[in-house]
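Summary of structural features
Residues per chain, in single letters:
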Amino acid sequence: MTSRGIRIALAGLVVLMVLGLVAYGYGHEDDPAPGDAAGSDRVKGTVTVFAAASLTESFTRIGRDFEAANPGVRVTFSFAGSSALATQINQGAPADVFASAAPATMRTVTDAGNADGAPTTFVRNQLVIAVPKGNPKGVKGLADLTRPGVKVALCAEQVPCGAAAEKALDAAAVSLTPVTLEQDVKAALSKVRLGEVDAALVYRTDARAASSDVDGVEFPESVGAVNGYPIVVCRAAPNRAGARAFVAYVLSDSGRAVLDRAGFLGP
Amino acid sequence: MSEIVDAHLVVDRGGFRLDVRLRIGAGEVVALLGPNGAGKTTALRALAGLQPLSAGHVTLAGVDVDRPDRPLWTPPERRPIGVVFQDYLLFPHLNALDNVAFGPRRQGADRRAARALAARWLERVGLRAYERSRPRQLSGGQAQRVALARALAVHPKLLLLDEPLAALDARTRLDTRAALHRHLAEHDGATLLVTHDPLDALVLADRLVIIEDGRVVQEGDGATITARPRTDYVARLVGLNLYRGTGDGHSVRVGADLVLTADDTVHGDAFVAFPPAAVALHPKRPDGSPRNAWPATITGLQRHGDNLRIQLDGPVTVAADVTPAAAAHLNLAPGQEVWVAVKAAETHAYPATPH
Amino acid sequence: MKRRRGTQRVPVGLLLPAALGLAFLVLPLAGLLIRAPWSSLPRRLTEPGVLSALWLSLRTATAATGVCLVLGVPLAWLLARVTFPGRRVVRALVTVPLVLPPVVGGVALLLVFGRRGLIGSWLDGTFGVTLPFTTTGVVFAEAFVAMPFLVIAVEGALRGADARYEEAAATLGASRWTTFTHVTLPLVAPGIAAGAVLCWARALGEFGATITFAGNFPGRTQTMPLAVYLALETDLNAAIVLSLILLTVSVAILAGLRDRWITGP
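Counting restarts for each chain, with residues numbered from 1 along the sequence as it is written. The naming scheme follows written order: chains are lettered A onward, ligands numbered 1 onward. Reporting in this predicted model follows two pLDDT cut-offs: at least 70 for local features of residues, and 80 or more for side-chain atom pairs to be given and counted; totals over whole chains, interfaces and linings ignore these cut-offs and use all residues.

Okay, the overall build of chain C next. Within chain C, the secondary structure is distributed over 13 helices and zero strands. Strands are runs of DSSP state E lasting at least 2 residues, helices are runs of H or I lasting at least 4, and numbering of each runs from the N terminus. Element order for chain C, N to C, with α for helix and β for strand: α-α-α-α-α-α-α-α-α-α-α-α-α. Here the C-alpha coordinates of chain C stretch approximately 75 × 60 × 35 Å along the principal axes. With C-beta atoms placed from the backbone, the exposure class of a residue follows from how many other C-beta atoms lie within 10 Å of its own: 20 or more, buried; 12 or fewer, exposed; in between, partly exposed. Of all 265 residues assigned to chain C, the portion counted as buried reaches 39%.

Before going further, it helps to spend a moment on the nonpolar core. The term nonpolar core refers to a set of buried Ala, Val, Leu, Ile, Met, Phe, Trp, Tyr and Cys residues connected through C-beta atoms within 7 Å. Ranked by size, the top nonpolar core spans 223 residues in total, and within it Val97, Ala130, Ala200 and Val202 of chain A together with Leu192 of chain B carry the most contacts. Take this core: its biggest share by element is 17 residues, from helix α8 (residues 135-160) of chain C. Whether two residues are in contact is decided by their C-beta atoms, placed from the backbone, lying within 7 Å. Once residues within four sequence positions are removed from consideration, leucine 192 of chain B is found in contact with Ile24, Val30, Leu32, Leu44, Leu47, Leu158 and Leu160 of chain B. Residues Leu242, Ala273, Ile310 and Ala319 of chain B belong to the second largest nonpolar core, which totals 27 residues.

This part takes up the environment of threonine 171 of chain C. When you line up the elements, threonine 171 of chain C lands in helix α9 (residues 164-171). The exposure class assigned to threonine 171 of chain C is buried, which follows from the 27 C-beta atoms found within 10 Å. Contact partners of threonine 171 of chain C, with chain neighbours within four places excluded, come to Ala48, Pro76, Ile81, Gly82 and Val83 of chain B.

Another aspect to go through is the UniProt feature "domain: ABC transporter" (unreviewed entry) in chain B. UniProt positions are given in the numbering used here, feature names are shortened, and annotations may be inferred rather than shown by experiment. Cross-referencing UniProt, the feature "domain: ABC transporter" (unreviewed entry) maps to residues 2-238 of chain B in the present numbering. Within residues 2-238 of chain B, the helical portion is 35% and the strand portion 28%, while the C-alpha atoms at the span's ends are 31 Å from each other.

Let us look at helix α6 (residues 102-113) of chain C. Each full turn of the α-helix corresponds to 3.6 residues, which orients residues three or four apart in the same direction. All names here are of chain C. Expected helix span is given by 1.5 Å per residue-to-residue step, counting one fewer step than there are residues. End to end, α6 covers 16 Å across twelve residues, agreeing with the expected 16 Å (1.5 Å per residue, within 8%). Within the span of α6, buried status applies to Pro102, Gly105, Gly106, Leu109, Leu110 and Phe113. Buried residues of α6, viewed axially, fall in a sector of 145°; they line one side. Of the surrounding secondary structure, the elements contacted by the buried residues of α6 are α5 (96-99), α7 (120-127), α8 and α11 (208-213). The arc refers to the directions leading from the helix axis to the C-beta atoms.

The next point concerns the arrangement of the chains. The interface with the most contacts, out of two pairs of chains in contact, is the one formed by chains A and C. Taking C-alpha atoms as the reference, chain A and chain B come no closer than 26 Å and do not contact one another.

All names here are of chain B. Two strands qualify as a pair provided that DSSP identifies no fewer than 2 bridges between them. Note: strand β14 (residues 279-282) against strand β18 (residues 337-342), four bridges, orientation antiparallel. What sits directly across from histidine 282, in β18, is tryptophan 339. As paired strands, strand β15 (residues 293-304) and β18 are joined by five bridges and run antiparallel to one another. Residue pairing for β18: tryptophan 294 is matched across the bridge by valine 340.

Here we take up the domain arrangement of chain B. Its domain assignment divides chain B into domain 1 (3-227) and domain 2 (239-351). Those domain boundaries reflect an automatic or database domain assignment. The straight-line distance from the C-alpha centre of domain 1 of chain B to that of domain 2 of chain B is 40 Å.

Moving on: the sheet that holds strand β17 (residues 318-322) of chain B. The pairing of strands in a sheet happens through backbone hydrogen bonds and is either parallel or antiparallel. Residue and element names in this part refer to chain B. On the basis of which strands lie adjacent, the open sheet formed by five strands has the order β14-β18-β15-β16-β17 and antiparallel pairing. What marks the edges here is a single partner per strand, and that holds for β14 and β17. Across this sheet, the average inter-strand angle for adjacent strands is 45°, counted without regard to direction. For every element, the axis is a line fit to its C-alpha atoms; helices are fit only across the contacting stretch, and the angle between N-to-C directions ranges from 0 to 180 degrees.

What follows is about the interface of chain C and chain A. Taken together, the contact pairs 17 residues of chain C with 14 residues of chain A. With five residues, helix α12 (residues 224-234) of chain C is the largest single contributor of residues to the side of chain C that touches chain A. Each residue is assigned to one of three groups, with Ala, Val, Leu, Ile, Met, Phe, Trp, Tyr, Cys and Pro labelled nonpolar, Asp, Glu, Lys and Arg labelled charged, and all others, Gly among them, labelled polar. When the residues that make up the side of chain C that touches chain A are grouped by side-chain class, the tally is nine nonpolar, five polar and three charged.

Here we come to the packing of helix α3 (residues 56-69) of chain A against helix α10 (residues 253-261) of chain A. The angle between the axes and the distance between the axes are what describe a pair of packed helices. All names here are of chain A. The geometry of α3 relative to α10 is characterised by a closest axis approach of 9 Å and an angle of 150° between their N-to-C directions. If you check the angle between α3 and α10, you find them roughly antiparallel. Our pair here, α3 against α10, has a crossing hand that is right-handed. Between α3 and α10, the contacting residues are Ser58, Arg61, Ile62 and Asp65 on the first element and Ser254, Gly255, Val258 and Leu259 on the second. In the contact of α3 with α10, the residues fall into three nonpolar, three polar and two charged. Every angle not falling under 35 degrees, over 145, or within 65 to 115 is termed oblique; those three ranges are roughly parallel, roughly antiparallel and roughly perpendicular. Each crossing is labelled by how the near helix is turned from the far one, with a counterclockwise turn of less than a right angle marking it left-handed and a clockwise turn marking it right-handed.

Residues and elements named next belong to chain C. Here the UniProt-annotated "transmembrane region" (unreviewed entry) positions come out as residues 12-34, 54-80, 92-113, 133-158, 179-203 and 236-257. Helix and strand shares over residues 133-158 are 92% and 0% respectively, and the end C-alpha atoms of the span are 37 Å apart. Strand forms 0% of residues 179-203 and helix 100%; the C-alpha atoms that close the span are 30 Å apart.

All names here are of chain B. Sheet topology places strand β1 (residues 3-13) next to strand β4 (residues 55-60); six bridges connect them, and they run antiparallel. Looking across to β4, one finds that histidine 8 is bridged to histidine 57. Sheet topology note: the β4/strand β5 (residues 63-67) ladder contains three bridges and is antiparallel. The residue of β5 that forms the bridge with threonine 59 is aspartate 64. What sits between β4 and β5 in their antiparallel hairpin is a turn of two residues, with alanine 61 showing a positive phi close to 50°.

Here we come to the interface of chain C and chain B. Where interface size is given, it is often the accessible area lost as the parts come together that is meant. Chain C puts 14 residues into the contact, and the matching count from chain B is 18 residues. Mapped onto the side of chain C that touches chain B, the elements with two or more residues apiece are α9 and α10 (176-205) of chain C. No other element matches α9 of chain C, which puts six residues into the side of chain C that touches chain B. Tallied by class, residues from the side of chain C that touches chain B come to eight nonpolar, four polar and two charged.

A few words on helix α2 (residues 96-106) of chain B. Counted residue by residue, α2 of chain B has eleven buried out of eleven residues, so it is predominantly covered. The set of residues buried in α2 of chain B consists of Ala96, Leu97, Asp98, Asn99, Val100, Ala101, Phe102, Gly103, Pro104, Arg105 and Arg106 of chain B. Looking at the packing, one finds that the buried side of α2 of chain B touches α3 (111-124) and α4 (140-152) of chain B together with α10 of chain C.

Next up on the list: unusual backbone geometry. Residue and element names in this part refer to chain B. Residue proline 71 follows arginine 70 across a cis peptide bond; omega there is -5°. The topology assignment puts proline 71 in the loop between β5 and β6 (72-73). One non-glycine residue, histidine 155, lies in positive phi territory at about 50°. Among the residues examined, histidine 155 registers 15 C-beta atoms within 10 Å and is labelled partly exposed. You will see that asparagine 331, though not glycine, has its phi angle at about 60°, which is positive. Here asparagine 331 is to be found in the loop between α9 (324-330) and β18. Given 8 C-beta atoms within a 10 Å radius, asparagine 331 is considered exposed.

See the structure below:
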C-alpha cells in the first residue's frame, strides 16, 4: 500500500471510530431513564433482544409485528448460539431480553443473577433428520443413519441441539459415528444443503425454514429429546418496560401463531 | 590475432540510443571510456546478454548470440563470458571459495573439482588464505580480486569488467590496478573494460574506445588519444586545452580575433591542442612578441599536483599550470588580468576529420 | 549544556501510541492469564481430547505451512520477478483470503473441493477421495487462509533482494532454475522464514474455514481453536485453559526457532 493509501485508510478508520461513538451516544439517548417507564404502559425506545440462532426467522417476524403494534418502539436482535449469548450477557452486554434454546444455557444466566425473575418456557423444539430434498438415501429413521456410506452431521454435544441429538440416539439405542460435530444447528444444516453430508439431526424449525433445500424426516425417538426454550427479561435491562412488553408479546396469541407456523411446539 | 568480439550494439531505451561498433581480438584489452550516462554499462550488458539488442548483432568467437533481425538471442548463461560487476556482487551466502567455484559447478564440474579449481584461482589472486571468508568479511580490494577470480574461473572467451576499480579507495586502487593489469595480460581471451577513469583505461587497455551519448567519438591507442583528442570530453580527460578552427599552413584560426601558430601544418577544419604546462602567464604583454599570446582574465585557481591550475577567460577559455613560486611572484588572483603565451613548439594541430 | 545520547531519544508522538499499541495487544492476554484457573490446569492438560487436539493442530499447521511454501514461494517469485499482463489483478487475488471472512472461505472451499464441488465431485467420482471432514481437509482450509501471509512476505523479500545477484549467477552459467535454487532462495531465506512463521501462526489459529470445510471431529479435524470454541459453549474456564495451552506451545516453538535463526551462521 502506498503511504497515501495508508493515510486514507487511517482517516477512514478515525471517521468510523467517531461515527461509532456518535451512534453509541444516540443509542443511549434513545433509552428512557429507568424511572420513566414505570407507571406508563406506553413503551418506547429500543428493545435489545438476544435470541438463539434457531429463533432467527420467527423472532424477526415477531419483532416486526411488535413494532407495528407499539409505534415508537424499535426492536434490535442479536442472534447467535445460546451459549455465546449467555456468556456475553454474563460479561455485561446491554441486553433487554434473552431467549435461549436450552434451559441449561439459561441457567448460567439465572445462576449468575443476571435474570429479572424466573424464565418462562415459551416453545419447545424437537429434532428431525434433515436430508437433501427428495431424500436420495431413503432415510426413514435413526437406524438408517448407521448404514455404511451415509454421512451424518450432528451438533457438538456442548450446544443444545447436540445434547438433544445424543439423548435421542440413546433413546433409540443407536450408536452412530458422525463425520462432524458442528458448532451450531445452522452449520449442521448447511452441510446438508451443500450436499457434504447425507443427513443431519437438526431442529424441526430449522428444517422447515430450509424446506426449499432439505426435507425433514420425523422419527419417534425425538419425543424423548424435546428442548424447551426459556425466555427472560435481563436484570440489567436498559429498557425494562420494553423488555417486559416484548416477552408478553412473544407469549401472546399473535406471537404463538408465528412460532407455530415456524414449526415450534407449544410449551 | 583472431577476433573474439564482433558486435554492433544498438539499444533503444526511452529516448536514449546506443549505437556502437566493437571489435576485440583474442588477448586484446579494450577500454570503453566515457562520461556518466554515455551508455558504457548498457554496452557491457548487451554483450553479456543482460540487455537485449534493438538492432545490430553480437558475435562471440564466431557464433551469433544476439541478432534481433533473425531473431536469435542467447541468454547470458550460455554465452562464453565472465563478468566482474562494479560492486562485485559476490554471493553473500557463499564463502570466497564457493563463490569462485559457482561457475565451474554450473559448467558441470563436480563439487570437488570445482573447489580445487577455485582454490587455484584464489591462489593466483593471492587470496588462498581467505577461501573460508564470507564476502562481508573481505576488504574492497580482496572482494575485487575474488570477483575477478570468479569471472576468470569459467574460462571466458570474453571478460567484461564494469568499473572494476571504482569502488576502491585511492591506495587500494593503485595496488589492485597493478594486479589487474597482470591478470589481464595473462588472460588469453578478449577483455572489455568499462570505465570513466582515463588512468585505468590507459594503464590497463591496449586500445581505447571513447563513447559519448551512445556513440563512439574516438578510438585508438592511448598515445594517439592523449596526443590528439577530438572532443572536449577527451581533451579534459587527458588534460589538454583543445580548440577547433580552420587551418592554413602553420596557423589555425580558432576565434574571431585569435590565430594560433602550431608546429604542424594543417588545412581546413582542424583541432589545436596544447597542455596546460605549455602555457606561460605574464603580468604584461611579453617582450619579443611570441605569436601565441593574448590577454585573459583569471576565473579560478586550484591545486593540481604540485602546481596550481589556473582557469582563464579571454578569446578562448584556457587552463594553465604554473608553479606555486611563479603564482606567488605574479600575485595571481581571480579577476586579475594577465597575458597568456603558448610556445608554438608545444602546440599541435591535426585535421578534425579523421583520415 | 549536557545532552543525553541523541539516538536514544524517542519523541512522545511515537512513544505514546507505541505504548498504547502494546497495551492493546497485551492486555487481552493479561486478561486470559488473570482469569485462568491455574489449579485445574494440570488436570485439563491430561484430558484425552486436549492433547489430541493440540497434536492435530501442530501437525496440520506445519503441513499447511509446507503446502504454502511449496506453492506460495513460486507464486511470490512470479509476482516479484516476472512482468505479465494482469499481474496487479493476480496480486489482488492473492490477498482475497485475507479479506474474506474465514467461514466464507470454508464455504468457498466446499463449493470447489466439497463432495459436490467442481473438483471435489471429480475427485470423489474418479478416486473415491473426499476432502471435507478429513485431516487433509483441515490442511486445505488452513493453507487457504494462511497462504497470503507467506506470499506477501516472500514477495516483499524478493522485491527487496538485489536482482543483480541473479544476473551475476546467469553470467556464471546458471540457468534460471539453478539461479532460483542456489542464489535467490538463499538470499531471501530470512524473508521466507518470516513468511513461514506468519503462515504457521495463522494456520495454527485458524477456526472459521476449518470448521466450515473440515467440520469438527475429535482426533481427526478438531483442532485447538475448534476445541476452544466448543469449550466456550459450556465452560469459560476450560476455554481459557485451552487457549493458554495453545498460546504457550506456539510461543515456545516460535521463540525456539527464532533463537536458532539468530544464533545461526
